[in-house]
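# Residue-level structural notes
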2 protein chains.
Amino acid sequence: MNFPSKLIEDAVNEISRLPGIGKKTALRLTLHLLKQPESSSQSLSHAIVKLRTEVRYCIICHNISDQEICSICSSHRRDKSLICIVEDIPDVLAIENTAQYNGLYHVLGGVISPIQGIGPDELKIDSLLHRIDTAAADDKVQEVILALSATMEGDTTSFFITRKLNERGIKVSTISRGIPIGGELEFTDEVTLGRSILTRISYNAE
Amino acid sequence: MNFPSKLIEDAVNEISRLPGIGKKTALRLTLHLLKQPESSSQSLSHAIVKLRTEVRYCIICHNISDQEICSICSSHRRDKSLICIVEDIPDVLAIENTAQYNGLYHVLGGVISPIQGIGPDELKIDSLLHRIDTAAADDKVQEVILALSATMEGDTTSFFITRKLNERGIKVSTISRGIPIGGELEFTDEVTLGRSILTRISYNAE
């Protein structure tokens, strides 16, 4: 594609580096920006630079935070005996938006993947164990919930962490895998359906 | 949606102001930027600001340009007796990419639309007439090609310009209606668009 101006070309190239945005979409966005007042380009660009230069991560759970310790970790209303392990930051947002969970989080920053060269040392697993080992008596961790992707890498990571936590006598659970709410049985894939039969939940009183 | 950080929230809000980008996509882009080196956010943001503050428009054809007169208007290899009238900048890019046209352009900046309150005075029509009237003897305009969208507004504008040009005895043509009626010029494929320039239809009575 030929551009009438180097400025347009630069902007299109930069914008099309973002995931899921091709040259045509980038051009559309560029021309949109040109039609907007200068202040809107300024504030967009300011927000992007500020985000990248000023962002901080919670030293406890490694979630994004404005302070040294994030609002979840520092909250007195959260159940500190419960830690939910997630792969990345969007997962925290997703679980928070369900409003069904009141414990803390721990962001691993990925899952164990030998193909991509990611071993346990690349993840925040040591930080998790340290966190559990050094918790104050009042905030003793009772249960760890594994909320990792239902992939081979996710399962490998869950297995690795479970083994480490079992050594410490901590209860480990995983979010249930099964048919999504509202999902039709006949359209569910065989692996999910098979697993949801094996891990069926009893309706009987115990 | 609740965000763990004001920085994220600001970035998501700014990015989701772009057309066709919702909150979820904006969040995905934001988290992508966080994973990239700081320099890539810097250069993205630099390109956006530079684009908006330094962009210039050609004083002859009103296309985007790096100089006072754009590379097309100042080129010695272009046929200066031929002017193609387009609605907006992406249309120039679209026609240039067909490599079927070797004349000049004139960007109107829109089409006549009484509903949106756009009359002939809001467009660069006076500038077009002035350009034609004051052309040097060597660069006399022989033909004007109307390449406006095949919509009612586009046709109204074509009709208006045709009348003005007929008074001056200039040949007026329109790109052939290979474009589906109701279709937008900038989304037309290059082959169709290229052919519709070659098979333009004269508006003059023979």
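Computed from a predicted model, the values in this text were never measured in an experiment.

### Overview of the UniProt feature "zinc finger region: C4-type" (unreviewed entry) in chain A
- Following the UniProt record, one finds the feature "zinc finger region: C4-type" (unreviewed entry) at residues 58–73 of chain A.
- End C-alpha atoms of residues 58–73 of chain A are separated by 8 Å, and the span's content is 0% helix alongside 12% strand.

### So, helix α4 (residues 89–96) of chain A
- Within α4(A), the full set of buried residues consists of Ile89(A), Val92(A) and Leu93(A). Buried residues in α4(A), looked at end-on, bunch into an arc of 100 degrees, giving them a common side.
- At its buried positions, α4(A) is contacted by β1 (56–57), β2 (64–65), β3 (79–86) and β4 (103–107) of chain A together with α2 (23–35) of chain B.

### Remarks on the sheet that holds strand β3 (residues 79–86) of chain B
Residues and elements named next belong to chain B.
- Spatial ordering of the open sheet is given by β4-β3-β5-β6-β7, a layout of 5 strands whose pairing is mixed. The sheet terminates laterally at β4 (103–107) and β7 (201–202), the two strands that pair on one side only.
- Two elements, β3 and strand β5 (residues 143–146), share 4 bridges in a ladder whose sense is parallel. Of the residues in β5, the one forming a bridge with Cys84 is Ile145.
- Against the sheet, helix α5 (residues 125–133) touches β3, β4 and β5, its axis set at about 145 degrees to β4.

### So, the environment of Thr151(B)
- Positionally, Thr151(B) belongs in the loop between β5 and α6 (152–167).
- Sequence-wise, Thr151(B) and Leu185(B) are 34 residues apart; in three dimensions their C-alpha atoms are separated by 10.0 Å.

### Points about the environment of Glu14(B)
- Within the secondary structure, Glu14(B) is located in helix α1 (residues 6–15).
- A sequence separation of 152 residues divides Glu14(B) from Asn166(B), and the C-alpha atoms of the two residues are 48 Å apart.
- What Glu14(B) contacts, discounting residues up to four positions off in sequence, is Ser40(A), Ser43(A), Leu44(A) and Ala47(A).

### Looking at the interface of chain B and chain A
- At the interface, 53 residues of chain B touch 53 residues of chain A.
- Overall, the association of chain B and chain A removes approximately 5000 Å² of surface from exposure, summing both partners, and the carbon and sulfur fraction of that is 70%.
- Together, Leu7(B), Leu51(B) and Arg52(B) form the three largest contributors to the area buried by chain B at its contact with chain A, with a combined 15%.
- Linking chain B with chain A are 2 salt bridges.
- Measuring nitrogen to oxygen at the nearest pair gives 2.7 Å for the salt bridge that ties Lys35(B) to Asp88(A).
- Looking at the side of chain B that touches chain A, the elements with two or more residues in it are α1, α2, α3 (38–54), β2 (64–65) and α4 (89–96) of chain B.
- For the side of chain B that touches chain A, the leading source of residues is α3(B), giving 15 residues.
- Its residues placed into classes, the side of chain B that touches chain A shows 27 nonpolar, 14 polar and 12 charged.

Reading the values: the criteria
- Residues numbered from 1 in each chain as written.
- Chains lettered and ligands numbered in written order.
- Predicted model: local features only at pLDDT ≥ 70, side-chain atom pairs only at ≥ 80, totals over all residues.
- Heavy atoms only, no water.
- UniProt positions renumbered as here; feature names shortened; annotations may be inferred.
- Helix = DSSP H or I, 4+ residues; strand = E, 2+ residues; numbered from the N terminus.
- Buried < 20%, exposed > 50% of the residue type's maximum accessible area, 1.4 Å probe, protein only.
- Arc of directions from axis to C-beta.
- Contact = heavy atoms within 4.5 Å.
- Pairing = 2+ DSSP bridges.
- Axes fitted to C-alpha atoms, helices over the stretch in contact; angles between N-to-C directions.
- Buried area = accessible area lost by both parts, 1.4 Å probe.
- Salt bridge = Lys/Arg side-chain N within 4 Å of Asp/Glu carboxyl O.
- Nonpolar A, V, L, I, M, F, W, Y, C, P; charged D, E, K, R; others polar.

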